[in-house]
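Summary of the model geometry
Each chain, written out:
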Amino acid sequence: MIQIEHLHKSFGDLDVLEDVSLNIHEGETLAIIGQSGSGKSVLMKHIVGLLSPDRGRVLVDDVDICSVPYERLREVRKHFGVLFQGGALFDSMTSEENVAFPLEYFSSRSPAEIKARVAECLELVRMPDVGPKKPAELSGGMRKRVALARAIALEPKYILYDEPTSGLDPKTSNTIDELIQQLAEEMNVTSVVVTHDMHSVFNIADRAAFLYGKSLHWVGPIDAIHNRDDPVLDSFVTASEY
Ligand code: ADP
Ligand code: MG
């Protein structure tokens, strides 16, 4: 379980998050929604210790990741797969090498075991044949899937997705949504999806957390979004649907 408690974050004079508290439950898919610039990516980066709060704390399975020594943070990070905005693959490496990277860096598997796991992950994202190809030879959707294969290589307990469908056409977005759902079910992972794509939210999420005006304005189950009586949430969702 992930517990975000009274988190405050500023960059210089810019206050981005004020007193954000949120629990993310085991096995759920939680969407973090909000307008561009509302602090979604900043919040996500706190969950994996890439940013530290000015005040407040983040607990991952009861470990306060804001105050542990780096070695311990590294241990906690092994439980996370992160799909960064844009994918962030290594351009000079083949797809296989990209997926193998975390296994070589973070696990003690033998070369044969790594090769088998890489094949398994590429199979899971339904791209068994792209191993020898470099990112430049792949479409945007395919690159996302290779990045996803890399994110799941270490069998994470948590997967964080930053705008996984942005810049993709509707059909490719649906494929990514299906994969997110499939991984949640088959690997029983807890997923946090940062997005402003409400179509995707309705497809995949169990709950949504809506950032607005530096704070967490609304948190609730997806069904409740349909019956929303909050005017600010309503205008965000309505604007996103067109
Ligand atoms: P989004 O909801 O679009 O993901 P972000 O979380 O990326 O928004 O950013 C929220 C605000 O914080 C933006 O105004 C952004 O410019 C600012 N910001 C994000 N990261 C940094 C940083 N490392 N340094 C300074 N400002 C930042
Ligand atoms: Mg962002």
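Residues numbered from 1 in each chain as written. Chains lettered and ligands numbered in written order. Predicted model: local features only at pLDDT ≥ 70, side-chain atom pairs only at ≥ 80, totals over all residues.

An unreviewed UniProt entry lists the protein under the name ABC transporter ATP-binding protein, with Longimonas halophila given as the organism.

Focus on the pairing of strand S10 (residues 215-221)
Where strand S9 (residues 207-212) lies against S10, six bridges are found, and the strand directions are antiparallel. Looking at S10, one finds that Ala209 is bridged to Val219. In sequence, S9 turns back onto S10 through a hairpin of two residues, with Gly213 there showing a positive phi of about 55°. (Pairing = 2+ DSSP bridges. Helix = DSSP H or I, 4+ residues; strand = E, 2+ residues; numbered from the N terminus.)

So, the environment of Leu50
Position of Leu50 among the secondary structure elements: in the loop between helix H1 (40-47) and strand S4 (55-60). Separated by 27 residues in sequence, Leu50 and Arg77 place their C-alpha atoms 9.9 Å apart.

Side note on the domain arrangement of the protein
Each assigned domain of the protein is listed with its residue range as follows: domain 1 (1-68 + 159-239) and domain 2 (88-156). Computed from C-alpha coordinates alone, the two centres of domain 1 and domain 2 are separated by 25 Å. On the domain 2 side, the residues contacting the 11 residues of domain 1 number nine residues. Residue contributions to the side of domain 1 that touches domain 2 peak at five residues, all from helix H6 (residues 170-186). (Domains from an automatic or database assignment. Contact = placed C-beta atoms within 7 Å.)

Here we look at the sheet that holds S4
Reading across the sheet, the four strands line up as S2-S1-S4-S5 and stay open at both edges, with antiparallel pairing between neighbours. A single partner strand is all that each edge strand has here, and the edge strands are strand S2 (14-24) and strand S5 (63-64). Bridging between S4 and S5 involves two bridges; their strand directions are antiparallel. If you follow Leu59 over to S5, its bridge partner there is Asp64.

Some points on the sheet that holds strand S8 (residues 190-194)
Here six strands make up an open sheet; going across it, the order is S6-S7-S8-S3-S9-S10 and the pairing mixed. Unpaired on one side and paired on the other, strand S6 (80-83) and S10 mark the two borders of the sheet. Taken over all neighbouring pairs, the strand axes of this sheet differ in orientation by 15° on average, direction set aside. In terms of strand pairing, strand S3 (residues 29-33) meets S9 through four bridges, oriented parallel. Paired with Ile32 across the strands is Ala209, a residue of S9. Docked against the sheet, helix H5 (residues 140-152) engages S6 and strand S7 (158-162), running at close to 165° with respect to S6. Each of S3, S7 and S8 touches H6; the most contacted strand, S8, lies at about 160° to it. (Axes fitted to C-alpha atoms, helices over the stretch in contact; angles between N-to-C directions.)

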